[in-house]
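# Close look at the chain arrangement
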Amino acid sequence: MTQRFLEISAFMVAFFALFALSSPAAAQLEGTVTDDSGRTQITVAVPALPTPQTVPTAAGTTADLGNRISDVIVADLRSSGLFDPIGRNGVKAITYDEVTRPTFPYWTGRNVESLIQGFVRSNGDGKLTVGCYVYDVALGSELARQGFVVEPADWRRAAHKCADSIYSRLTGESPFFDSRIAYIAETGPKDNRTKRLAVMDSDGANHRFLTSGGTALTPRFSPDYKSILYLSYSGGSPAIYIYDIGTGRQRLVTRTNNATFAPRWSPDGRNILYSMAIAGNTDIYRISAQGGSPVRLTRSPGIDVGGSYSPDGSKIVFESDRSGAQQIYVMNADGSGQRRISFGGGRAATPEWSPRGDLIAFTKIAGNFRIAVMRPGGGGERVLTNSWQDEAPTWAPNGRVIQFFRTSRGSGRTSIWQVDVAGGEERRLRTPVDGSDPAWGPVRP
Amino acid sequence: MKKLSTPLIVLSLTVALAACAKKPPETLPPEPVDTSAGSDTDIDPNAGQQTGVVPGSQEDFIANVMSDRIFFDTDKFNVDSEDQGVLRSQASWLAQYPNVSIVVEGHADERGTRDYNLALGERRANSAKNYLITLGVAASRIRTVSYGKERPQATGSNESAWAQNRRAVTVTVR
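Residues numbered from 1 in each chain as written. Chains lettered and ligands numbered in written order. Predicted model: local features only at pLDDT ≥ 70, side-chain atom pairs only at ≥ 80, totals over all residues.

Attention shifts here to the overall build of chain A. Scanning chain A from N- to C-terminus turns up five helices and 31 strands. For chain A, whose C-alpha radius of gyration is 23 Å, the value lies close to the compact-globule estimate of 22 Å for 445 residues. Counting every position in chain A, which comprises 445 residues, the buried fraction comes to 49%. Sequence separation of at least 24 residues holds for 46% of the intrachain contacts in chain A that already meet a minimum separation of 6. (Helix = DSSP H or I, 4+ residues; strand = E, 2+ residues; numbered from the N terminus. Rg over C-alpha atoms; globule rule 2.2 N^0.38 Å. Buried ≥ 20, exposed ≤ 12 C-beta atoms within 10 Å, placed from the backbone. Contact = placed C-beta atoms within 7 Å.)

Moving on, we get to the interface of chain A and chain B. Taken residue by residue, the interface counts 29 residues in chain A and 20 residues in chain B. The set of elements that each furnish at least two residues to the side of chain A that touches chain B consists of β11 (216-221), β15 (259-265), β16 (271-278), β19 (304-309), β23 (347-353) and β27 (390-395) of chain A. Among the elements that line the side of chain A that touches chain B, the one with the most residues is β15 of chain A, at three residues. Looking at side-chain class alone, the side of chain A that touches chain B contains 11 nonpolar, 12 polar and six charged residues. (Nonpolar A, V, L, I, M, F, W, Y, C, P; charged D, E, K, R; others polar.)

What follows deals with helix α5 (residues 114-134) of chain B. All names here are of chain B. The first and last C-alpha atoms of α5 sit 31 Å apart over 21 residues, in line with the 30 Å expected at 1.5 Å per residue. Of all 21 residues making up α5, 18 are buried, and the element is well covered by its neighbours. Of the residues one or two after α5, glycine 136 is the one with positive phi, at around 105 degrees. (Expected span 1.5 Å × (residues − 1).)

Attention now moves to the domain arrangement of chain A. Often, the extent of an interface is quoted as the loss of accessible area upon association of its parts. Residue and element names in this part refer to chain A. Considered domain by domain, chain A is made up of domain 1 (2-171) and domain 2 (179-443). Taken together, the contact between domain 1 and domain 2 spans eight residues of the former and 10 residues of the latter. The biggest single contributor to the side of domain 1 that touches domain 2 is helix α3 (residues 62-80), with three residues. Here the side of domain 1 that touches domain 2 is composed, by residue class, of one nonpolar, three polar and four charged. (Domains from an automatic or database assignment.)

Let's shift gears to the pairing of strand β1 (residues 42-45) of chain A. Residue and element names in this part refer to chain A. Here four bridges tie β1 to strand β4 (residues 83-86), and the two strands are oriented parallel to one another. When the sheet's bridge partners are listed, alanine 45 is paired in β4 with isoleucine 86. Where β1 lies against strand β5 (residues 114-122), two bridges are found, and the strand directions are parallel. Counted as the bridge partner of valine 44 is serine 114 from β5. (Pairing = 2+ DSSP bridges.)

Here we come to the sheet that holds strand β2 (residues 101-107) of chain B. All names here are of chain B. One open sheet accounts for four strands, arranged β1-β4-β2-β3; its pairing is mixed. In this open sheet, the two strands that pair with only one neighbour each are β1 (69-71) and β3 (142-148). Neighbouring strand axes in the sheet, compared pairwise and without regard to direction, differ in orientation by 20 degrees on average. Two strands pair when backbone bridges link them, and β2 and strand β4 (residues 167-173) are joined in this way by six bridges, in the antiparallel orientation. Bridge pairing in β4 places valine 104 opposite threonine 170. Across the sheet, α5 is in contact with β1, β2, β3 and β4; its angle to β3 comes to roughly 155 degrees. (Axes fitted to C-alpha atoms, helices over the stretch in contact; angles between N-to-C directions.)

Below, the discussion takes up the sheet that holds β19 of chain A. With antiparallel pairing, the four strands of this open sheet are ordered in space as β19-β20-β21-β22 (chain A). Among the strands making up the open sheet, the edge pair consists of β19 and β22 (339-340) of chain A.

Here we come to α3 of chain A. All names here are of chain A. The end-to-end C-alpha distance of α3 is 27 Å, a good match for the 27 Å that 19 residues give at a rise of 1.5 Å each. Buried within α3 we find Thr62, Leu65, Gly66, Ile69, Ser70, Val72, Ile73, Val74, Asp76, Leu77 and Ser80. Of the residues trailing α3, glycine 81 is marked for its positive phi of about 80 degrees.

Glancing now at unusual backbone geometry. Residue and element names in this part refer to chain A. Its identity as a non-glycine residue notwithstanding, tyrosine 225 has a phi of 65 degrees, on the positive side. Looking at where tyrosine 225 falls in the secondary structure, it is placed in the loop between β11 and β12 (227-232). The backbone of alanine 392 sits at a positive phi, close to 60 degrees, despite the residue not being glycine. Locating alanine 392 in the fold gives a position in strand β27. Look at alanine 392 and you get buried, because 25 C-beta atoms sit within 10 Å.

On to the packing of α3 of chain A against helix α5 (residues 155-171) of chain A. Residues and elements named next belong to chain A. At their nearest, the axes of α3 and α5 sit 9 Å apart, and the two run at 45 degrees to each other. Between α3 and α5, the interaxial angle falls into the category oblique. The chirality of how α3 crosses α5 is right-handed. Residues Leu65, Arg68, Ile69, Val72, Ile73, Asp76, Leu77 and Ser80 of α3 pack against Trp155, Arg156, Ala158, Ala159, His160, Cys162, Ala163, Ile166 and Tyr167 of α5. Partitioning the contact of α3 with α5 into residue classes produces 12 nonpolar, two polar and three charged. (Parallel < 35°, antiparallel > 145°, perpendicular 65-115°, else oblique. Left-handed = near helix turned anticlockwise from the far one by under 90°.)

Glancing now at the packing of helix α4 (residues 81-96) of chain B against α5 of chain B. All names here are of chain B. At their nearest, the axes of α4 and α5 sit 10 Å apart, and the two run at 60 degrees to each other. In terms of axis orientation, α4 runs oblique to α5. Two packed elements cross with a definite hand, and for α4 against α5 that hand is right-handed. For the pair α4 and α5, contact is made by Gln84, Leu87, Gln90 and Ala91 and by Ala128, Tyr131 and Leu132, respectively. Considering only residue class, the contact of α4 with α5 consists of five nonpolar, two polar and no charged.

So, about the nonpolar core. Residue and element names in this part refer to chain A. Ile69 and Ile73 are the most contacted members of the largest nonpolar core, which has 143 residues in total. Inspection of this core shows a minimum of three residues originating in each of domain 1 (2-171) and domain 2 (179-443). Not counting residues within four places of it along the chain, the set of residues in contact with isoleucine 69 comprises Leu49, Val120, Val130, Trp155, Ala158 and Ala159. (Core = buried A, V, L, I, M, F, W, Y, C linked by C-beta atoms within 7 Å.)

With that out of the way, let us pick up the environment of arginine 299 of chain A. All names here are of chain A. You can see arginine 299 is positioned in the loop between β18 (291-296) and β19. Take arginine 299: there are 11 C-beta atoms within 10 Å of it, and that puts it in the exposed class. Through-space distance from the C-alpha of arginine 299 to that of arginine 430 is 41 Å; in sequence the pair is 131 residues apart.

In structure tokens form, the structure reads like this:
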């Protein structure tokens with residue numbers, strides 16, 4: 001895997017390299033995309049990616065892959081809510097020679113603002129090269145180009161990388177499509193749910209169950225995607241394990257007779273936060289991912305639980321009911337300087353620090369459970385969802401989209417949803433069975 | 001067949017303590033009864049003993065304590081006078097069978113966030129445990145486990161169901 005990632009990076013640098021960073025285009029796009037409600041969407045056309053020669057691969061022919069890559073790019077762009085993509089069935093098929101020389105008048109006539117063209121080529125060694133070009137139709141100029149070398153089985157990654165390139169170039173935001181999500185797959189009746197650890201791509205593809213029966217909860221991908229922290233009842237009591245994705249083996253984070261839960265990674269993956277209940281009192285601890293002695297970070301007689309690092313690792317936002325009800329607090333990474341930041345009314349739980357550092361997402365409990373954001377210093381609260389029970393936000397790696405899970409009143413059925421941090425439409429992420437506790441990982445290298 | 005005897009005991013308790021009882025909820029919905037098993041016979045709380053329950057077994061425990069569980073208010077974990085009566089009956093039974101250990105399960109209703117509910121279940125299980133210890137049950141005989149909101153007893157999404165789910169349940173272990 002690592003080999004392949006390196007190859008992708010090296011190829012990007014060596015072959016296509018630089019974007020044409022023209023400021024007029026950027027200014028024009030800023031005018032097109034307005035951030036908050038009432039924003040307009042960018043019309044993007046994504047014709048099928050032609051191939052210089054139709055060749056069979058392990059994942060289908062190169063022509064076939066050109067169609068499917070176009071479809072994945074369209075789905076990615078649409079899911080962001082910022083684009084109005086036109087797929088391959090709405091536009092003409094382009095030729096291989098046309099990829100680097102777009103027929104701009106055709107696209108101008110269809111009110112297309114941005115044009116995505118690319119190709120799929122089979123290399124001699126069984127791998128694929130996927131090219132991805134972004135054009136500004138009004139200016140008649142190229143905005144970006146990238147290329148990716150992938151195993152045929154990894155064709156979706158090339159599509160996500162291309163969508164990320166488009167998204168970044170046209171919105172000015174960091175990419176997030178080429179990322180994965182760990183979550184809990186739920187089946188069975190409400191009073192006897194089976195909860196399995198599962199992983200999938202950001203769009204729900206490449207889904208995999210990692211555990212079979214039992215009760216698994218609250219997974220978190222390590223920053224390098226090599227392992228997952230999660231809670232399991234497999235030993236009879238709630239305890240945190242590190243699951244190694246490569247080997248399928250797992251080990252306890254810390255050996256204790258006390259219940260451990262609510263595991264979290266530090267941004268560099270070196271440390272783990274967890275909560276431990278001793279004689280009924282729950283506090284937050286930090287331990288090296290390699291093991292060793294835990295360090296106790298909170299000492300209140302109340303429930304101190306959860307915890308999420310600021311992107312630079314210097315601070316931790318966490319939840320405590322020391323005031324009498326669940327509220328959100330910030331402390332320094334060593335546990336010093338604890339102070340409450342949530343004063344927006346009701347209870348505030350499950351804080352998660354944005355990867356951009358600018359916001360804290362949390363569960364606001366005031367009657368119903370809603371997903372909300374606030375500033376790390378407190379204040380600026382905005383409620384993003386409105387349902388009976390929305391819970392446990394997790395950030396897209398670029399800090400623009402928040403995923404969470406929704407529980408249906410009565411049935412207890414759960415589903416995973418996402419919403420743009422600027423507000424707007426909530427979108428459901430399809431999963432094979434019910435889903436809860438989503439945890440979004442970083443953009444893959 | 002603990003499912004057959006438990007609801008009856010809880011119901012009679014509700015009637016007996018109606019004047020002072022704040023819980024279980026006013027309208028206690030019937031708990032699920034296994035209709036496939038002998039619905040033609042009347043349910044007799046002493047049936048187990050008549051048919052020879054093993055002394056010191058879970059069946060024996062259920063048949064001879066006021067209840068195997070105590071209930072809590074929202075976000076609370078204190079043991080009130082009603083709970084104390086239940087736990088006293090458990091402690092008396094445990095005094096008769098000193099070789100029996102117990103697990104106290106702490107539970108929360110679905111109207112809480114997952115991690116917080118795990119911590120709340122820990123609090124509730126430990127409240128029951130601590131009271132049992134004051135009644136003379138050795139701490140070494142009591143293990144606690146929190147299930148948070150993962151194991152509801154009642155599956156509705158209403159006050160009555162939530163009141164039944166905010167509980168600490170004692171389970172015997174041989």
